[in-house]
Structures are given as structure tokens and as C-alpha cells.
Amino acid sequence: MWQRNSALNLANSHYEVRLSTAARKQLHKFDRPVQKFLLDALSLLAENPRPVAAKSLVGRPGQLRIRVRDYRIIYQVWDQELIVLVLSMGHRRDVYDN
């Protein structure tokens, strides 16, 4: 389901979705059904990195988050390079812990 090189190659996407090492490890720990709906959300981010539901995180400049059921994906958008960098993903009760 996830790729070892930390970049998701999504056909016909404007942005390339890259996973940080932490995000890749977090994704690998989830059950297959959870991995699937998180990967589906990542493919949508490749098409539109700033959906209406995306929220800016207070105290974390440049970071956005989206909700995917009970899970959150925290990411940054680099418009110059057309990259969405996923920093973290996890259950809503754990994802904001540093």
C-alpha cells in the first residue's frame, strides 16, 4: 500500500505528495482499511492541496490539517515545487502530540 521511497506517484496530479519519515512510519502501523482511506485522502490532496475543509494550525505556521474520519493528516504545501509534504498522520487523540 505505501511506498518505501516516501513519494506517492499519483497519475494526473498537479502536486506530488511526499511523506516524511515519521508519516511513512505512522502509515505503515495502521490496519489496511485505515491505510486505504488515508491514501485515498492523499490522492485528493495531490489534486487540490487546499480543500475547503483544510484548516491552518495555530502555532504552526504553514501547516494545514485535514480530517479523515477519526484521523488527521498534517501537511505543508510547497507551491513553487508543486509538493505536498505530509508531516504527520494519526488518530485525532494522538496526532498533535510532539
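One can find the structure itself at the top, above this paragraph.
Residues numbered from 1 in each chain as written. Predicted model: local features only at pLDDT ≥ 70, side-chain atom pairs only at ≥ 80, totals over all residues. Heavy atoms only, no water.

1. Considerations on the overall build of the protein chain
Part 1 of the argument: The secondary structure content of the protein chain amounts to 2 helices and 6 strands.
Part 2 of the argument: Element order for the protein chain, N to C, with α for helix and β for strand: β-β-α-α-β-β-β-β.
Part 3 of the argument: Put simply, the protein chain has 98 residues, and 46% of those count as buried.
Part 4 of the argument: For the protein chain, the share of sequence-separated contacts (at least 6 apart) that also reach a separation of at least 24 residues comes to 48%.
Part 5 of the argument: Within the structure as shown, the protein chain displays about 6200 Å² of accessible surface, and the carbon and sulfur contribution to it stands at 48%. (Helix = DSSP H or I, 4+ residues; strand = E, 2+ residues; numbered from the N terminus. Buried < 20%, exposed > 50% of the residue type's maximum accessible area, 1.4 Å probe, protein only. Contact = heavy atoms within 4.5 Å. Areas by Shrake-Rupley, 256 points an atom, 1.4 Å probe, with all protein chains shown as cover.)

2. Here's the deal with the side chain of His91
Part 1 of the argument: Along the chain, His91 turns up in strand E6 (residues 83-91).
Part 2 of the argument: According to the relative accessible area criterion, His91 is buried, its value standing at 17%.
Part 3 of the argument: Here His91 is in contact with Asp70 and Tyr71, once residues within four sequence places are set aside.

3. A few points about unusual backbone geometry
Part 1 of the argument: Even without being glycine, Arg69 reaches a positive phi, approximately 55°.
Part 2 of the argument: Even without being glycine, Leu82 reaches a positive phi, approximately 55°.
Part 3 of the argument: Turning to its location among the elements, Leu82 is positioned in the loop between strand E5 (71-78) and E6.
Part 4 of the argument: For Leu82, a relative accessible area of 38% puts it in the partly exposed group.

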